[in-house]
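# Reading the structure
Here's the letter readout for the chains.
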Amino acid sequence: MSTLENLIDIPNTPQFQELLSKDLKRISLIYFWTSWAEPCVQMNKVVEGLAKAYPKLLALRVEAEEQADISDSFDINSVPTCLVIQGHALLARIEGGDAAQLTESIAKYLGSKSSAAPQSTTSQPPAPPSSETQEQLEARMRNIMNQSAVVLFMKGEPDTPRCGFSRTAVALLREKNVKFTHFDILSDESVRQGLKTLNDWPTFPQFIVNGEFVGGLDVVKEMKESGEFDDVFSG
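All figures in this text were calculated on a predicted structure; none of them were measured in a lab.

### Here we look at the pairing of strand 5 (residues 89-95)
- Note that strand 4 (residues 81-86) and strand 5 share six bridges and pair antiparallel. Across the sheet, I85 pairs through a bridge with L90, a residue of strand 5.
- With antiparallel pairing between neighbouring strands as the criterion, strand 4 and strand 5 make up a hairpin whose turn holds two residues, including G87 at a positive phi of roughly 65 degrees.

Structure (structure tokens):
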């Protein structure tokens, strides 16, 4: 628990709504986190540092899985995610442990402070070349889908997943002793968006077997319950 008056851990949706509606002109930082996501360890310190550096900032910490209704309302797909808002207006959305971008966003609306949070030690992956054609992108995605018998498109890494669904997907495959490779879709926005069209499936994780899309997490869970899993993933 924080001793800062402007850094508040949210226990429920009504309090969250009440705090945001008190002053619609105030700049607020909504920080979505979980205890199991390693990048949140650093971002916890960053958010606390920003709340201390900017007393006028309202910083709200939301445990993304415990407060699922709030997470869903803001379309939170991975942690850490930070939203900078004023009233009903979204000023900035920062996904991942990018402390520098978050600090710059807060400074932009509340003024620069030398005591603001430290620079992040994490780095953002480079964007794919803008000259990549749709045909080249599809070829690249299919190459990834065929890199091993089972490929998991997920958010984060198997040992450090960045959403609960990806964590469950990894646990399921490991429980079944399935050998698989993975691709972090947060590292490549072109692949992330392209797969939604290629596989006609809007969410992640996505399971690929022998180069073919077999389904999302719910579908694969059903396969496990029905006994179909072993036939599909060992075929």
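Let's pick the thread back up.
### Some words on the side chain of D188
- By the secondary structure assignment, D188 is in the loop between strand 9 (181-184) and helix 7 (189-198).
- Among the polar contacts listed, one links the side chain of D188 to the backbone nitrogen of S190, at a separation of 3.1 Å.
- Polar contacts involving the side chain of D188 include one to the main-chain amide nitrogen of V191, which spans 3.1 Å.

### Points about the state of the cysteines
- Scanning the entire structure with this criterion turns up zero disulfides.
- Free of any disulfide, C82 has its nearest neighbouring cysteine sulfur in C40, separated by 8.6 Å.
- Considering cysteine sulfurs only, C40 is the nearest to C163, which forms no disulfide, with 12 Å between them.
- The exposure class assigned to C163 is buried, which follows from its relative accessible area of 5%.

### Thoughts on unusual backbone geometry
- Here the residue pair V79 and P80 is connected by a cis peptide bond, since its omega of -5 degrees sits within 30 degrees of zero.
- With respect to the helices and strands, P80 occurs in the loop between helix 3 (68-73) and strand 4.
- Between F204 and P205 the backbone carries a cis peptide bond, its omega angle lying at 10 degrees.
- As for its placement among the helices and strands, P205 is situated in the loop between helix 7 and strand 10 (206-209).
- Residue D75 is not a glycine yet carries a positive backbone phi of 55 degrees.
- One can find D75 in the loop between helix 3 and strand 4.
- Unlike most non-glycine residues, D200 shows phi in positive territory, near 50 degrees.

### Details of the environment of L172
- Within the element layout of this structure, L172 appears in helix 6 (residues 164-175).
- Sequence separation between L172 and Q101 is 71 residues; the distance between their C-alpha atoms is 34 Å.
- The contacts of L172, once residues within four sequence positions are left out, are V220, K221, K224 and F229.

Each value, and the rule that gives it
The residue count restarts for each chain, going from 1 along the sequence in the order it is written. At least 70 in pLDDT is required for a residue's local features to be given in this predicted model, at least 80 for side-chain atom pairs to be given and counted, and no such filter applies to totals for whole chains, interfaces and linings, which use all residues. Note: side-chain values were computed over all heavy atoms of the structure, leaving out hydrogens and water. Two strands are said to pair when DSSP picks up at least two bridges between them. Secondary structure follows DSSP: runs of H or I at least 4 residues long count as helices, runs of E at least 2 residues long count as strands, and numbering of each begins at the N terminus. Here a polar contact means two N or O atoms within 3.5 Å. Within protein one must be a hydrogen donor candidate and the other an acceptor candidate, and residues neighboring in sequence count only if both atoms are side-chain atoms. For the purposes of this analysis, a disulfide is any pair of cysteine sulfur atoms at a distance within 2.5 Å. Each residue's exposure class comes from its accessible area (1.4 Å probe, protein chains only) as a fraction of the maximum for that residue type: buried when under 20%, exposed when over 50%, partly exposed otherwise. In what follows, residue pairs with any heavy atoms lying within 4.5 Å of each other are defined as contacts.

In short, geometric facts, not functional conclusions.
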